[in-house]
There are 2 protein chains.
Amino acid sequence: MLNFDIQFPTRIHFGRGKIEELAREVLTYGKKVLLVYGGGSIKRSGLYEQLLNIFKESGITPIELPGVQSNPRISSVRQGVKLCREYEVELVLAVGGGSTIDCAKIIAAGTGYEGDAWDFFTRRARITQALPLGCILTLAATGSEMNGNAVISNEETEEKLGTGSPLLIPRFSILDPEYSFSVPPEQTAAGTVDIMSHVFEQYFSPTPGTFIQDRLAEAMLKTCIHYGPIALAKPDNYEARANLMWTGSLALNGLLGAGKRTDWATHDIEHEISAIYDVTHGLGLAILTPYWMYYVLDEKTAPRLADYARYVWGIEGSEDLAVARVGIEKTTEFFRSLHLAGSLKEIGVEAERLEEMAAKATAWGALGSFKKLEYLDVLTILQNAYKGNTAFSA
Amino acid sequence: MLNFDIQFPTRIHFGRGKIEELAREVLTYGKKVLLVYGGGSIKRSGLYEQLLNIFKESGITPIELPGVQSNPRISSVRQGVKLCREYEVELVLAVGGGSTIDCAKIIAAGTGYEGDAWDFFTRRARITQALPLGCILTLAATGSEMNGNAVISNEETEEKLGTGSPLLIPRFSILDPEYSFSVPPEQTAAGTVDIMSHVFEQYFSPTPGTFIQDRLAEAMLKTCIHYGPIALAKPDNYEARANLMWTGSLALNGLLGAGKRTDWATHDIEHEISAIYDVTHGLGLAILTPYWMYYVLDEKTAPRLADYARYVWGIEGSEDLAVARVGIEKTTEFFRSLHLAGSLKEIGVEAERLEEMAAKATAWGALGSFKKLEYLDVLTILQNAYKGNTAFSA
């Protein structure tokens, strides 16, 4: 186990009706709020109107930034920054899933920064201050509601990059599983895979001696595998939505990665895809993950991949490589059972752009830590995932 | 799953050499520190001298409260409160295990309270303010380093009572597993059981639909079962000490109990024993736990106790009651393998005081939530634990 420093400062209000905490939380920071949200779903669900009523009753003035898209754009961030400055906003309130929250984070950081917020992603500037941020989560997936990370796309440069700072950790997050009842099936499936992928990126690590972190990771994977299909079949099953929502937050709040080197190669590769094609992040991960697993499997990585197969999928057997392979097959089957596509070709990715993606993904160096991936490794994974033709996915 | 509100504000500095964070942390709060510690172990280990050097170099003035005992006394608290007032202390710094930290917490709360600190335990007064608190942990057990709870004994009234407040949550805790290398075998064993008992008290619950919490609990139990014997056999095994230390913090920081009713009957019963006999808390728990499990096992509780047997101990079988019984046997065997006593008689408890303990334990009402325990239930558990004669412990 490696040394680490960690803190989980977000106040979590979890459960049915927890919106009742909103006014008190907001008023801790001020009365002028930037309300960041996506499309019309919060209007259809009635949440939007509920928020306006709460604001009215509590003397809170919302300034609205609607229309934040999935794979949120730097242009939305710039709009938000402008509004925050113009109206002297005191709190940024994100209502939605990870895209909305990530956008809100960079608005919070960008408001007091004199340059352009894209500088935080190109490493031209560091985040040294941010407006306080609150979240109302409507989709279990990214865990952004409990961490200081954000991923933003730049539509002009076709880049999708991440940044992070403890200053971006939400002060509070309201997690009402009922808000996720209306999440459509593909998003429910993609969200489940996104959570699992966050666990994988931290579980598959070269650091030895991290027994507690690894068993916690397996607990979260089992939860996704148990409840993903239930949430898909019964969208208003509270138990399933609640377990997925809380697991989503725990999977990326720092707990699983504390004390170990983490990987993130699959995420880095996926970002190159969704930077160009605007693919749902979790769908891209669902396609790539089994091909990444299959590619990195060797004598050295087999024990950990076999642990995964044994402890998460209950695969028996003493030969690590063989057990690991069954675990990868199970993973593939599971993603397919969620009705997610199995190849990049199926979702419209073009073969002639794979080299460009592999080059961009490795532009700053090799990816991953569980197994280091250079340009050719990444290209091979992309090509395999494009064709969808490995033995285990037949 | 029930609604919950949670936050984990303690800054954790985990690992070898993390004492390097101390001066910076302390100076955030001030220069006058009450240094709370126990016996001579921090002097023998060299930690005490190291602390004095750090304080000297950083211009920090320590005021010392040594001699805090296990099952810390309200008299130590009163001494500490007096020192804090006299020297206008700005931060209370606990160096030790749970007893020292609990004592430091109530000193922190008592300093600004005009009455006597025992009032917090008799419900005469609520904690409304507290000095900031920092911890340097030397023993993996209570989890006090990451929560707002404290248990204090009153030697005059032979009471051992608990209280808690978010105001008592340590601002920072330094967790260096090397500090626990010198923990003697019985304390290592008792600490491991204490961690497991904290997990049990939250795992065995009547609340349905808490899959993620339950799998996380099993992860922690497996960690204790894996590393307890290693730490006992090789006291300076860093991996074992690190996994136990971090698990100890996570087991009682609120994570496992969030969203469910918790039990705590075994703890409540044990407190009556250690209030009179000054028994090591974890030893008392090791004796009581199997008898509690055995007593509460019935048709209704069998599924959860069988889950425990299956997922933690790998017991196979389809009949819940039978599987559960094997799980309880395994638990008993495990505690014995740590060389802990198996009956209350062995540790000097007197048969004629069991009724008094049962009465005191249930004075404020029935115990537990997994299965409600009235006076006669508690007495039977105590009598069984006294004799140590149930079939499974033969």
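Just so you know, these numbers come straight off a predicted model, no measurement behind them.

1. Quick look at the relation of the copies chain B and chain A
(1) Moving on: In the superposition of chain B on chain A (RMSD 0.0 Å, axial shift 0.0 Å), the rotation amounts to 180°. Put plainly, the chains are arranged around a two-fold axis.
(2) Moving on: The fraction of interface residues of chain B whose copies in chain A are also interface residues reaches 100%, indicating that both copies meet through the same surface.

2. Quick look at the nonpolar core
(1) Moving on: Membership of the largest hydrophobic core comes to 247 residues, with the highest contact counts inside it found for Trp246 of chain A together with Trp246 of chain B.
(2) Moving on: Not counting residues within four places of it along the chain, the set of residues in contact with tryptophan 246 of chain A comprises Ile12, Phe14, Met146 and Leu175 of chain A together with Phe4, Ile6, Ile212, Gln213 and Leu255 of chain B.

3. Digging into helix α4 (residues 74-87) of chain A
(1) Moving on: Compared with the 20 Å implied by 1.5 Å per residue over 14 residues, the 20 Å span of α4 of chain A between its first and last C-alpha is a close match.
(2) Moving on: For α4 of chain A, the set of buried residues is Ile74, Ser76, Val77, Gly80, Val81, Leu83 and Cys84 of chain A.

4. Section: the pattern of salt bridges
(1) Moving on: Tallying each qualifying case throughout the model produces 36 salt bridges over all chains.
(2) Moving on: Linking aspartate 119 of chain A and arginine 124 of chain A is a salt bridge whose minimum nitrogen-to-oxygen distance equals 3.7 Å.
(3) Moving on: The class of arginine 124 of chain A is exposed, set by a relative accessible area of 69%.
(4) Moving on: Among the salt bridges present, the one from aspartate 307 of chain B reaches arginine 304 of chain B, with a minimum N-O distance of 3.7 Å. On the criterion of helical spacing, the pair formed by aspartate 307 of chain B and arginine 304 of chain B is a turn pair, its members being three residues apart in helix α11 (residues 302-313). We note that aspartate 307 of chain B, like arginine 304 of chain B, is buried.
(5) Moving on: A network of salt bridges, in which partner residues are shared, links Asp5 of chain A together with Lys18, Glu21 and Arg24 of chain B.

5. Some points on the packing of helix α1 (residues 22-29) of chain B against helix α3 (residues 47-58) of chain B
All names here are of chain B.
(1) Moving on: One can describe the packing of α1 onto α3 by two numbers: an axis separation of 10 Å at closest approach and a directional angle of 55°. It follows from the interaxial angle that α1 and α3 lie oblique. The two elements α1 and α3 cross, and the hand of that crossing is right-handed. Every residue of α3 that contacts α1 at Leu22, Ala23 and Leu27 is listed here: Leu51, Ile54, Phe55 and Ser58.
(2) Moving on: Class assignment of the residues belonging to the contact of α1 with α3 gives a composition of six nonpolar, one polar and no charged.

6. Here's the deal with the domain arrangement of chain A
Buried accessible area, meaning the area lost when the parts come together, often serves as the stated size of an interface.
Residues and elements named next belong to chain A.
(1) Moving on: Once the domains are mapped, chain A shows domain 1 (11-179) and domain 2 (184-393).
(2) Moving on: One C-alpha centre belongs to domain 1, the other to domain 2, and the line joining them spans 27 Å.
(3) Moving on: In this complex, domain 1 contributes 28 residues to the contact, which on the side of domain 2 involves 27 residues.
(4) Moving on: Of the roughly 2,200 Å² buried at the junction of domain 1 and domain 2 (both faces included), carbon and sulfur atoms supply 59%.
(5) Moving on: The tally of links from domain 1 across to domain 2 stands at three salt bridges.
(6) Moving on: Between aspartate 278 and arginine 73 there is a salt bridge; the shortest N-O distance is 3.4 Å.

7. Notes on the packing of aromatic side chains
(1) Moving on: The final tally for this structure, using the stated rule, is 35 aromatic pairs over all chains.
(2) Moving on: Ring pairs connect the aromatic residues Phe200, Tyr203, Phe204, Trp292, Tyr308 and Phe370 of chain A, which therefore count as one cluster.
(3) Moving on: Lying over the aromatic face of tyrosine 238 of chain B, arginine 16 of chain B brings its terminal NZ or CZ to 3.7 Å of the ring centre.

8. Let's talk about the state of the cysteines
(1) Moving on: Scanning all chains against the criterion turns up zero disulfides over all chains.
(2) Moving on: Counting only cysteine sulfurs, cysteine 84 of chain B is the nearest neighbor of cysteine 103 of chain B, a cysteine outside any disulfide, at a range of 10 Å.

9. Description of the UniProt feature "domain: Fe-containing alcohol dehydrogenase-like C-terminal" (unreviewed entry) in chain A
(1) Moving on: Under the UniProt annotation, the feature "domain: Fe-containing alcohol dehydrogenase-like C-terminal" (unreviewed entry) is placed at residues 188-386 of chain A.
(2) Moving on: Measuring from the first to the last C-alpha atom of residues 188-386 of chain A gives 23 Å, for a span that is 66% helix and 0% strand.

Reading the values: rules and limits
Residues numbered from 1 in each chain as written. Chains lettered and ligands numbered in written order. Predicted model: local features only at pLDDT ≥ 70, side-chain atom pairs only at ≥ 80, totals over all residues. Heavy atoms only, no water. Least-squares fit on C-alpha atoms with pLDDT ≥ 70 in both. Contact = heavy atoms within 4.5 Å. Core = buried A, V, L, I, M, F, W, Y, C linked by side-chain atoms within 4.5 Å. Buried < 20%, exposed > 50% of the residue type's maximum accessible area, 1.4 Å probe, protein only. Helix = DSSP H or I, 4+ residues; strand = E, 2+ residues; numbered from the N terminus. Expected span 1.5 Å × (residues − 1). Salt bridge = Lys/Arg side-chain N within 4 Å of Asp/Glu carboxyl O. Axes fitted to C-alpha atoms, helices over the stretch in contact; angles between N-to-C directions. Parallel < 35°, antiparallel > 145°, perpendicular 65-115°, else oblique. Left-handed = near helix turned anticlockwise from the far one by under 90°. Nonpolar A, V, L, I, M, F, W, Y, C, P; charged D, E, K, R; others polar. Domains from an automatic or database assignment. Buried area = accessible area lost by both parts, 1.4 Å probe. Phe/Tyr/Trp six-rings, centres within 6.5 Å; stacked < 30°, edge-to-face > 60°. Lys NZ or Arg CZ within 6 Å of the ring centre and 35° of its normal. Disulfide = S-S within 2.5 Å. UniProt positions renumbered as here; feature names shortened; annotations may be inferred.

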